[in-house]
Amino acid sequence: MATGIIYEIFSPSKNLRYIGSTFLTLKMRQALHISRYKRILQGKAKGITASKVLAGMDTRFSQISEHPGVDKSWLLQKEKDVINEMKNIYGSGVVNHNIGLTDDMKAYQKTYR
């Protein structure tokens, strides 16, 4: 079991948020998001939900919570719960559309990881 992190990417200029989870450090996950976004801009990768926020060019990555000793399934369920909480607060300002992700983890991972 590892330590999972729930994180937020926020763009003040676009007033958009993306919620994610990872077992990497936040700095490593940030680097992967930025690398993927650059590949999208070059036409070398498909768009991802987080790219709507990254397009703001003023994005901030922040850790929402840390969860030691959890597995992937637990972390993805926690991510889903946080997404729902954030949607209740910020509405359409939360760009995640993967609310049912724990129902089909393999499809989620193939699409978003």
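Thresholds applied
Residues numbered from 1 in each chain as written. Predicted model: local features only at pLDDT ≥ 70, side-chain atom pairs only at ≥ 80, totals over all residues. Heavy atoms only, no water. Phe/Tyr/Trp six-rings, centres within 6.5 Å; stacked < 30°, edge-to-face > 60°. Lys NZ or Arg CZ within 6 Å of the ring centre and 35° of its normal. Pairing = 2+ DSSP bridges. Helix = DSSP H or I, 4+ residues; strand = E, 2+ residues; numbered from the N terminus. Axes fitted to C-alpha atoms, helices over the stretch in contact; angles between N-to-C directions. Contact = heavy atoms within 4.5 Å. Buried < 20%, exposed > 50% of the residue type's maximum accessible area, 1.4 Å probe, protein only.

S.K.: Could you give me a rundown of the packing of aromatic side chains, with the residues and numbers involved?
M.R.: According to the stated counting rule, one finds zero aromatic pairs in the structure shown. Looking at arginine 17, its charged tip hangs above the ring of tyrosine 90, at a distance of 3.6 Å from the centre.

S.K.: I'd like to hear about the sheet that holds strand E1 (residues 2-11), residue by residue, with values.
M.R.: Two strands in a sheet stick together by hydrogen bonds in their backbones, pointing the same way (parallel) or opposite ways (antiparallel). The strand order across the open sheet formed by three strands is E2-E1-E3, and the pairing between neighbours is antiparallel. Lying at the two open borders of the sheet, with one neighbouring strand each, are strand E2 (16-22) and strand E3 (60-70). Taking each pair of neighbouring strands and ignoring which way they run, the sheet shows an average axis angle of 15°. As paired elements, E1 and E2 share seven bridges and run antiparallel to each other. Along E2, the bridge assignment pairs isoleucine 6 with serine 21. Each of E1, E2 and E3 touches helix H3 (residues 72-90); the most contacted strand, E2, lies at about 165° to it.

S.K.: Kindly report on the pairing of E2, identifying the contributing residues and their values.
M.R.: Of all seven residues in E2, seven are buried, a share of seventy percent or more. Across the two faces of E2 the burial is the same, with Leu16, Tyr18, Gly20 and Thr22 and Arg17, Ile19 and Ser21 all buried. Connecting E1 to the antiparallel partner E2 that follows it, the hairpin turn spans four residues, and asparagine 15 within it adopts a positive phi of roughly 55°.

S.K.: Could you give an account of the pairing of E1, with specific residues and numbers?
M.R.: In terms of burial, E1 is largely enclosed, as eight of its 10 residues are buried. The pairing of E1 with E3 spans eight bridges and is antiparallel. From the neighbouring strand, isoleucine 5 faces E3, where its bridge partner is glutamate 66.

Read these as layout, nothing more, since geometry by itself doesn't imply function.
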